[in-house]
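# Structural overview
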Amino acid sequence: MTEQHDQAPVRERPEGVDDATVEALGKVSEALEAIEIARGHLYTFHRLMGTADFTLGEGVDLLREAGHDDVADRLESEVVGRNVLDGRWTFQVVEEFDDGYYSAFKQAEQDAREQLAQGVRHLHEAGLKQQRRTTGRAGHEPRPPQR
């Protein structure tokens, strides 16, 4: 690695993008990251609810085999296959979130970057990396080696 390469910034800031804009876009990106985590938890909820419903179905079958038809009938009629929200199973909740809030947020964040920073992502973090790394130190290179 050349000394000049090690001095190069992690990511070039587009001309005319000031510190305040980088900070603001960083906050928008941070919010998007939180939404991504929330979305992951929503998918986890979806998977867990599906697992619970099928496991409950197995429990209902075992209750019947054990001679507890009345308990099995109630669980099956009141809970197995029940909507988790008004008129919705979890796949519908996930789809509504993905098609509504999530897609609107992703598009608005991308549009903001396009309008204010030529679409460059993570400018704030790139600046932090440049500030915090030790120039010339192994493991602190500005970017992966070119192959």
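Residues numbered from 1 in each chain as written. Predicted model: local features only at pLDDT ≥ 70, side-chain atom pairs only at ≥ 80, totals over all residues. Heavy atoms only, no water.

Take the confidence of the model for the chain next. Residues of the chain with pLDDT of at least 70 account for 93%, and the chain-wide mean is 92. At the low end of the mean pLDDT range in the chain sits helix H1 (residues 3-7), at 57; at the high end sits helix H3 (residues 69-78), at 98. (pLDDT = per-residue confidence, 0-100. Helix = DSSP H or I, 4+ residues; strand = E, 2+ residues; numbered from the N terminus.)

Moving on, we come to unusual backbone geometry. Here the phi dihedral of Gln-118 falls at roughly 55°; this positive angle occurs in a residue that is not glycine. One can find Gln-118 in the loop between helix H4 (90-117) and helix H5 (123-132). Positive phi, close to 55°, is recorded for His-122, a residue that is not glycine. Position of His-122 relative to the elements: it lies in the loop between H4 and H5.

Before going further, it helps to spend a moment on the nonpolar core. Counting residues in each nonpolar core, the largest one holds five residues, listed as Val-17, Val-22, Leu-25, Ala-117 and Leu-123. With residues up to four places along the chain from it excluded, the contact list for Val-17 reads Val-22, Leu-116, Ala-117 and Leu-123. (Core = buried A, V, L, I, M, F, W, Y, C linked by side-chain atoms within 4.5 Å. Buried < 20%, exposed > 50% of the residue type's maximum accessible area, 1.4 Å probe, protein only. Contact = heavy atoms within 4.5 Å.)

Attention now moves to the side chain of Asp-98. Mapped onto the secondary structure, Asp-98 falls in helix H4. At 2.6 Å, the side chain of Asp-98 forms a polar contact with the side chain of Tyr-43. Asp-98 has contacts with Arg-39, Tyr-43 and Ser-103, leaving out every residue within four places of it along the chain. (Polar contact = N/O pair within 3.5 Å; in protein donor to acceptor, adjacent residues only side chain to side chain.)

Two elements in contact, helix H2 (residues 19-65) and H5, have axes whose closest approach is 7 Å; the angle formed by their N-to-C orientations is 110°. It follows from the interaxial angle that H2 and H5 lie roughly perpendicular. Residues Val-22, Glu-23, Gly-26, Ser-29 and Glu-33 of H2 touch H5, and the partners they reach there are Leu-123, His-124 and Glu-125. Here the contact of H2 with H5 is built from residues that sort into two nonpolar, three polar and three charged. (Axes fitted to C-alpha atoms, helices over the stretch in contact; angles between N-to-C directions. Parallel < 35°, antiparallel > 145°, perpendicular 65-115°, else oblique. Nonpolar A, V, L, I, M, F, W, Y, C, P; charged D, E, K, R; others polar.)

Evaluation of the coordinates by the stated rule reveals nine salt bridges. With its nearest N and O atoms 2.9 Å apart, the salt bridge here joins Glu-76 to Arg-64. Pair noted here: Glu-76 is in helix H3 and Arg-64 is in helix H2, with a separation of twelve residues, a long-range link. Taking the relative accessible area as the measure of exposure, Glu-76 reaches 39% and is therefore partly exposed. Put simply, Arg-64, Asp-73 and Glu-76 are held in one network by salt bridges that share partners. (Salt bridge = Lys/Arg side-chain N within 4 Å of Asp/Glu carboxyl O.)

Another point: the environment of Ala-52. Along the chain, Ala-52 falls in helix H2. With 28 residues separating them along the chain, Ala-52 and Val-80 place their C-alpha atoms 9.2 Å apart.

In contact at an axis separation of 8 Å, H2 and H3 are set at 160° when each is read in the N-to-C sense. The orientation of H2 relative to H3 falls into the category roughly antiparallel. Crossing handedness for the pair H2 and H3: left-handed. When H2 is examined against H3, the residues Leu-56, Val-60, Leu-63 and Arg-64 are found in contact with a partner set consisting of Asp-69, Val-71, Ala-72, Asp-73, Leu-75 and Glu-76. Each residue belonging to the contact of H2 with H3 can be placed in one class, and the counts come to six nonpolar, no polar and four charged. (Left-handed = near helix turned anticlockwise from the far one by under 90°.)

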